[in-house]
Amino acid sequence: MDTTIRELSYAQAIQEAMAIAMERDERVFLMGEDIGVYGGAFQVTGDLVHRFGEDRVMDTPISELGGAGVAVGAALTGMRPIFEFQFSDFAALAMEQIVNQAAKMRYMLGGAVSVPLVMRFPAGSGTGAAAQHSQSIEAWLGHVPGLKVVQPATPHDAKGLLLAAIEDPDPVMIFEHKLLYKMKGPVPEGYYTTPIGKAEIRREGKDVTIVATAIMVHKALEAAETLASEGIAAEVIDLRTVRPMDRETIIASVKKTSRLICVYEGVKTLGVGAEVSAMIAESDAFDFLDAPIVRLGGAETPIPYNPELEKAAVPQVPDILKSARDLVNGVR
Amino acid sequence: MGDKIIAQAKPKAEEGRHNLPFAFRHYSPGELGQALRKMYLIRRFEEGAEESYTRGLIHGTMHLSIGQEASAVGISLPLTDDDMITSTHRGHGHCIAKGAEVSRMFAEFFGKETGYCRGRGGSMHIADVSKGNLGANGIVGGGIPIAVGAALSMKKLKTGRVVVSYFGDGANNEGAFHEALNMASVWKLPVIFVCENNGYGMSTSTRRSTAVANVADRAAAYAMPGVIVDGNDLSDVAEASHAAVERARHGEGPTLIECKTYRHRGHSKSDRNRYRTKEEIEDWIANRDPIQLFEAQMQEYGVIDAAGIEAIRTDVEREIEAAIEFAKTSPAPDLAGLTRDVYTDLA
Ligand SMILES: Cc1ncc(C[n+]2csc(CCOP(=O)(O)OP(=O)(O)O)c2C)c(N)n1
Ligand SMILES: [Mg+2]
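- Looking at an unreviewed UniProt entry, one finds chain B named Pyruvate dehydrogenase (Acetyl-transferring) E1 component subunit alpha, with Phyllobacterium phragmitis as its source organism.
- Quoted straight from UniProt, the Catalytic activity (unreviewed entry) entry for chain B says "N(6)-[(R)-lipoyl]-L-lysyl-[protein] + pyruvate + H(+) = N(6)-[(R)-S(8)-acetyldihydrolipoyl]-L-lysyl-[protein] + CO2".
- Taken verbatim from the UniProt record of chain B, the Cofactor (unreviewed entry) comment is "thiamine diphosphate".

- As named in an unreviewed UniProt entry, chain A is Alpha-ketoacid dehydrogenase subunit beta, taken from Phyllobacterium phragmitis.
- One UniProt comment on chain A, placed under Cofactor (unreviewed entry), says "thiamine diphosphate".

**Some points on helix H7 (residues 155–167) of chain A**
1) Next: Over its 13 residues, H7 of chain A extends 19 Å from the first C-alpha to the last, a length consistent with the 18 Å expected when each residue adds 1.5 Å.
2) Next: In terms of burial, H7 of chain A is a largely internal element, 11 of the 13 residues being buried.

**With respect to the nonpolar core**
All names here are of chain A.
1) Next: Counting 59 residues, the largest nonpolar core has Ile14, Met18, Leu30, Leu48, Val57, Leu162 and Ile166 as the members making the most contacts within it.
2) Next: When we break this core down by domain, the ones giving at least three residues each are domain 1 (8–188) and domain 2 (200–327).
3) Next: When sequence neighbours within four positions are dropped, the list of residues in contact with Leu48 reads Gln15, Met18, Ala19, Met22, Leu30, Gly53 and Val57.

**Side note on the coordination of the magnesium ion (ligand 2)**
Residue and element names in this part refer to chain B.
1) Next: Distances from the magnesium ion (ligand 2) to its protein donors, Asp169 (OD), Asn198 (OD1) and Tyr200 (O), fall at 2.1 Å.
2) Next: In terms of primary sequence, the donors binding the magnesium ion (ligand 2) are separated according to D-x28-N-x1-Y. Of this pair, Asp169 sits in the loop between strand E2 (163–168) and helix H8 (175–186) while Asn198 sits in the loop between strand E3 (191–197) and strand E4 (200–201), and the two are 29 residues apart along the sequence.
3) Next: With a relative accessible area of 2%, Asp169 lands in the buried category.
4) Next: A relative accessible area of 6% means that Asn198 is categorised as buried.

**Side note on the site of ligand 1**
1) Next: Every one of the 23 residues lining ligand 1 counts as a neighbour, but Glu64 of chain A together with His89, Arg90, Gly138 and Gly170 of chain B are closest to it.
2) Next: Between ligand 1 and Glu64 of chain A there is a distance of 2.5 Å, counted from a nitrogen atom to a side-chain nitrogen or oxygen.
3) Next: Here an oxygen atom of ligand 1 and a backbone polar atom of Ala171 of chain B are 3.3 Å apart.
4) Next: Protein coverage of the free-state accessible area of ligand 1, which is 580 Å², stands at 98%.
5) Next: Counted by class, the shell around ligand 1 contains eight nonpolar, nine polar and six charged residues.

**Overview of the side chain of Gln86 of chain A**
1) Next: Among the secondary structure elements, Gln86 of chain A is positioned in the loop between strand E4 (80–84) and helix H4 (91–102).
2) Next: Residue Gln86 of chain A is classed as buried on the basis of its relative accessible area, which comes to 9%.
3) Next: A polar contact of 3.1 Å, which involves the side chain of Gln86 of chain A, links it to the side chain of Asp34 of chain A.
4) Next: For Gln86 of chain A, the contacting residues outside a window of four places in its chain are Glu33, Asp34, Ala41, Phe42 and Pro122 of chain A together with Met202 of chain B.

**Some words on the packing of helix H6 (residues 102–109) of chain B against helix H13 (residues 306–329) of chain B**
Residues and elements named next belong to chain B.
1) Next: Taken N-terminus to C-terminus, the directions of H6 and H13 make an angle of 40°; their axes are 8 Å apart at the nearest point. Between H6 and H13, the angle is such that the two are oblique. Handedness of the crossing formed by H6 with H13: right-handed. Side by side, H6 and H13 meet where Val102, Ser103, Arg104, Phe106 and Ala107 of the first sit next to Glu319, Ile320, Ala323, Ile324, Phe326 and Ala327 of the second.
2) Next: Considering only residue class, the contact of H6 with H13 consists of eight nonpolar, one polar and two charged.

**Quick look at the packing of aromatic side chains**
1) Next: Counted under the stated rule, the structure contains 16 aromatic pairs over all chains.
2) Next: An angle of 65° between the planes, with centres 5.8 Å apart, marks the rings of Tyr10 of chain A and Tyr181 of chain A as edge-to-face. Here Tyr10 of chain A is found in helix H1 (residues 10–24), whereas its partner Tyr181 of chain A is found in the loop between strand E7 (172–177) and strand E8 (184–188), with 171 residues between them in sequence. Like Tyr181 of chain A, Tyr10 of chain A is buried.
3) Next: Summarising the aromatic geometry, the rings of Phe45 of chain B and Phe109 of chain B are spaced 5.8 Å apart at their centres and angled 40° between planes, so their arrangement reads as tilted. With Phe45 of chain B in helix H3 (residues 29–54) and Phe109 of chain B in helix H6, the pair connects residues that are 64 residues apart, well separated along the chain.
4) Next: Three or more aromatic residues joined by ring pairs make a cluster, and in this case those are Tyr10, Phe42, Phe87, Phe90 and Tyr181 of chain A.
5) Next: Here the basic side chain of Arg24 of chain A rests over the ring of Tyr191 of chain A, its NZ or CZ set 3.5 Å away from the ring centre.

**Thoughts on the interface of chain B and chain A**
1) Next: Counting residues at the interface gives 38 residues for chain B, matched by 34 residues for chain A.
2) Next: Carbon and sulfur atoms make up 59% of the area that chain B and chain A hide from each other, which totals about 2,900 Å².
3) Next: If you look at where chain B meets chain A, you find one salt bridge.
4) Next: Taking the shortest distance from any N to any O, the salt bridge between Asp59 of chain A and Arg208 of chain B comes out at 2.9 Å.
5) Next: Our enumeration of links across chain B and chain A arrives at 12 residue pairs in polar contact (both at pLDDT 80 or more).
6) Next: Breaking the side of chain B that touches chain A down by element, the ones donating at least two residues are H6 and helix H9 (206–209) of chain B.
7) Next: Among the residues making up the side of chain B that touches chain A, the classes are represented as 11 nonpolar, 19 polar and eight charged.

**A look at the side chain of Glu64 of chain A**
1) Next: Tracing the backbone shows Glu64 of chain A in helix H3 (residues 64–76).
2) Next: No salt bridge is formed by the buried Glu64 of chain A; its nearest oppositely charged neighbour, Arg218 of chain B, is found at 13 Å.

**Looking at the sheet that holds strand E13 (residues 260–267) of chain A**
Residues and elements named next belong to chain A.
1) Next: The strand order across the open sheet built from five strands is E9-E11-E10-E13-E14, with neighbouring strands paired in mixed fashion. Only two strands of the sheet have a single partner each, and these edge strands are strand E9 (200–203) and strand E14 (294–298). Between one strand axis and the next, the sheet turns through 25° on average, direction left out of account.
2) Next: Two elements, E13 and E14, share four bridges in a ladder whose sense is parallel. Paired with Ile261 across the two strands is Val294, which belongs to E14.
3) Next: The sheet strands contacting helix H8 (residues 215–229) are E9, strand E10 (208–212), strand E11 (234–238) and E13, and the helix crosses E11 at an angle near 170°.
4) Next: The sheet contacts of helix H10 (residues 272–282) involve E10, E13 and E14, and relative to E13 the element is tilted by about 155°.

Quick notes on the rules
- Residues numbered from 1 in each chain as written.
- Chains lettered and ligands numbered in written order.
- Predicted model: local features only at pLDDT ≥ 70, side-chain atom pairs only at ≥ 80, totals over all residues.
- Heavy atoms only, no water.
- UniProt positions renumbered as here; feature names shortened; annotations may be inferred.
- Helix = DSSP H or I, 4+ residues; strand = E, 2+ residues; numbered from the N terminus.
- Expected span 1.5 Å × (residues − 1).
- Buried < 20%, exposed > 50% of the residue type's maximum accessible area, 1.4 Å probe, protein only.
- Core = buried A, V, L, I, M, F, W, Y, C linked by side-chain atoms within 4.5 Å.
- Domains from an automatic or database assignment.
- Contact = heavy atoms within 4.5 Å.
- Donors = N, O, S within 2.8 Å, 3.2 Å for Na, K, Ca; no water.
- Near = heavy atom within 4 Å.
- Polar contact = N/O pair within 3.5 Å; in protein donor to acceptor, adjacent residues only side chain to side chain.
- Areas by Shrake-Rupley, 256 points an atom, 1.4 Å probe, with all protein chains shown as cover.
- Nonpolar A, V, L, I, M, F, W, Y, C, P; charged D, E, K, R; others polar.
- Axes fitted to C-alpha atoms, helices over the stretch in contact; angles between N-to-C directions.
- Parallel < 35°, antiparallel > 145°, perpendicular 65-115°, else oblique.
- Left-handed = near helix turned anticlockwise from the far one by under 90°.
- Phe/Tyr/Trp six-rings, centres within 6.5 Å; stacked < 30°, edge-to-face > 60°.
- Lys NZ or Arg CZ within 6 Å of the ring centre and 35° of its normal.
- Buried area = accessible area lost by both parts, 1.4 Å probe.
- Salt bridge = Lys/Arg side-chain N within 4 Å of Asp/Glu carboxyl O.
- Lys, Arg positive; Asp, Glu negative; His and termini not counted.
- Pairing = 2+ DSSP bridges.

Next up, the structure:
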């Protein structure tokens, strides 16, 4: 393995992962809307069509349901498709194939088949694209046995989790926060995988555990820095995988800090934080809690267009700061 | 109404009234002037929006309909305020053609409380519901079945109203399109499907995305008329719309109209135009601009002169300036209203 590390953007890291996968394995190919000469709506596929040709970087018509189904069928029969949704919101059009077909096929056929399918979903708010182009729907898919659901927060993990997803024999759904695409970070050259189902402790601390997903990891780290200057040591856990969830890492952390905040962009109610909280409440870490668990999630509203409203609709650094201070200071 | 036009159009129309294009037979000079004004208002609205974006006054993205004004205006000519439309992500033109105020449209763009969606929707959702616009749409094809549902209401409620569903060529490959057309036909609903075929769904040409040569060819599969018109010729569009609206009002069922047109600008603000040539774009702009074409026709048939055109332009300019000023000075939404209208307030 080549271990040279350079700085790449999150989008470049994903593109590199797809290129490596296509070079290693003839069966890997890309499908999606405007991923060819256009380079993808967020320039993630970039110029891959020029390197690999239109047969392996396939522009589909605007047909999410059919396209997703074609990817399922190809995965079922020996190919390794990577299907890009132009926006994660459009998964709504393809839910039938994702939920009723891809997720259940192996089970329904008694283990006789597998569906090694990867789907990529540009997700989240912050771009002024309003209610139908800004959602965080990882909890929808996280609710479905048979799917694996990941949310890389760094360029390193964006590449590693994608390569792990391609190796995986089951359908893996990857949510990529749009505001992360331009973020740069260290990425090793060559092939490596980041384990699906494993959370990562991004910062150690003893006073409060902050479990965060996707872009919220960065907001939590920013908050932790400020908290440190106030004498509060926050432990920041990047959940990375929504399903299957890494219970051990979170339980161990909560036992250490006795306080838990979950911060995620999806709508708060019935979201990822509900699962993390319930999991802790059911575990032996419950006895270690010194304070109620706090969930910071998206507001109970579609994402609005006005930029100030849009910001107010999802957790921000000051919200994390306030929750952490209140928890540690015993304010209820 | 027709007689007045013949009188007006006489100088150049010795060949007789039936040789005039439809719009010049059917509409008075005043009405034709209004149609030109609307096309011009759409053009200037889009340019104003683009400029505001460039100057950093607007966030998000937008899809401009510059070059497609004739289909928006031509289709809506036979519609009344009671008739309805569903629109698309490229919907500013439909919205204006259906009678919206540009001031409240700009206000929506600027994210203001005075905008049509109170700043919640932005470019992709601007609509004046009071004028029968059931919404622009961020989802390609999303409005098509909704239009069929609205047409079902119109039929059940015996209103005599019709519904127009605008969509792009790209939408004709969504399942919703096919399911909706089939139901509309089976139930003989008063709906007109209007495909604005500008040759591309984002970067993908219809040749690469669509198995048939014309979207109108799909009509045969759903046993309804499929009509192809020059979407940049206002009169041709209006003629097809009139026939389809008549048919719908008389309970004879839906029609699919395909307007062949072109968008002058990129798909959205992030388009680098890698999928079409400069020559192609320039040719459409120079030779097939719908506004220039209509102005030329109006002059040819003696309906308007250069001074008349200039007067319309000046008038539109004033309206656009005032609208932008209204939008700029309007109040922003109150943050406390973040979750307002998620549900109906039952209190
Ligand atoms: C279901 C869905 N898929 C994809 C998109 C992204 N998208 C927005 S507009 C567009 C192209 C639409 O093409 P067309 O219908 O021809 O309309 P045009 O933009 O040319 O007016 C695409 C792919 C979307 N908004 N909704
Ligand atoms: Mg199009």
